[in-house]
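# Structure assessment
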Amino acid sequence: MIRLPQTFSYPDFARLFSVRLAGNFATGMLGVALGWRVYDLARETMSVESAAFLVGMIGLAQFGPMFFLALPAGQFVDSHDRKKILAACMALEVLIGFLLLGSLLLPKQHEMTAIFAVAGLFGVVRAFQPA
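Residues numbered from 1 in each chain as written. Predicted model: local features only at pLDDT ≥ 70, side-chain atom pairs only at ≥ 80, totals over all residues. Heavy atoms only, no water.

When two helices pack together, you describe them by how their axes are tilted relative to each other and by the distance separating the axes. Two elements in contact, helix H3 (residues 82-103) and helix H4 (residues 108-128), have axes separated by 10 Å at closest approach and are oriented at 170°. On the basis of the axis angle, H3 is roughly antiparallel to H4. Residue-level contacts link Ile85, Cys89, Leu92, Glu93, Ile96, Leu99, Leu100 and Ser103 of H3 to Glu111, Ala114, Ile115, Val118, Leu121, Phe122, Val125, Arg126 and Phe128 of H4. Residue composition of the contact of H3 with H4, grouped by class: 13 nonpolar, one polar and three charged. (Axes fitted to C-alpha atoms, helices over the stretch in contact; angles between N-to-C directions. Helix = DSSP H or I, 4+ residues; strand = E, 2+ residues; numbered from the N terminus. Parallel < 35°, antiparallel > 145°, perpendicular 65-115°, else oblique. Contact = heavy atoms within 4.5 Å. Nonpolar A, V, L, I, M, F, W, Y, C, P; charged D, E, K, R; others polar.)

The next thing to look at is the nonpolar core. Counting residues in each nonpolar core, the largest one holds 20 residues, and the members touching the most others are Leu34, Val38, Ile58, Ile96, Leu100, Met112 and Ile115. Taken together, the elements giving at least two residues each to this core come down to helix H1 (11-45), helix H2 (48-79), H3 and H4. When near neighbours in sequence (up to four residues on either side) are disregarded, Ile58 contacts Leu34, Gly35, Val38, Ile115, Phe116 and Ala119. (Core = buried A, V, L, I, M, F, W, Y, C linked by side-chain atoms within 4.5 Å. Buried < 20%, exposed > 50% of the residue type's maximum accessible area, 1.4 Å probe, protein only.)

Together, Tyr10, Phe13, Leu16, Phe17 and Leu21 make up a nonpolar patch on the protein surface, roughly 520 Å² of accessible area in all. Counting through the fold element by element, Phe17 comes out in helix H1. (Patch = residues over 30% accessible without salt bridge, like charges linked within 9 Å, V, L, I, M, F, W, Y side chains within 5 Å. Areas by Shrake-Rupley, 256 points an atom, 1.4 Å probe, with all protein chains shown as cover. Salt bridge = Lys/Arg side-chain N within 4 Å of Asp/Glu carboxyl O.)

Where H2 meets H4, the closest approach of the two axes is 6 Å, and the angle between their N-to-C directions is 30°. In this view, H2 runs roughly parallel relative to H4, as classed from their interaxial angle. Crossing angle aside, the handedness with which H2 passes H4 is right-handed. Contacts from Leu54, Met57, Ile58, Ala61, Gln62, Pro65, Met66, Leu69, Ala73, Phe76 and Val77 of H2 reach H4 at Met112, Ile115, Phe116, Ala119, Gly120, Phe122, Gly123, Val124, Arg126, Ala127 and Phe128. A breakdown of the residues in the contact of H2 with H4 according to their chemical character gives 18 nonpolar, three polar and one charged. (Left-handed = near helix turned anticlockwise from the far one by under 90°.)

So this is what it looks like as structure tokens:
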């Protein structure tokens, strides 16, 4: 029989751990979905190299806001309630998932722009997510 560490006997810790685990898994899936959709769209009209370049740019669109907002976001998180910020970040990530889903309804020529905007918003949310 597998014994869990004693820390899991505390219900609040077990809840926090499970929510963070599920949230990190969902964040990873959203990042993969963004890159996959960009590659899929780009391959309809571009070469493999161009499509791969756009996948890199989607990563940059996510990283840019995280890089530039790291210090202000850290100061904000340190001076406010982390539980509320974490809940807001997770709720916004769910909204970003729905925005990505909604971008599928746009015409193909506008979908790529919407996906890059969603990726930038995803980077902003990830900058504010407490560690």
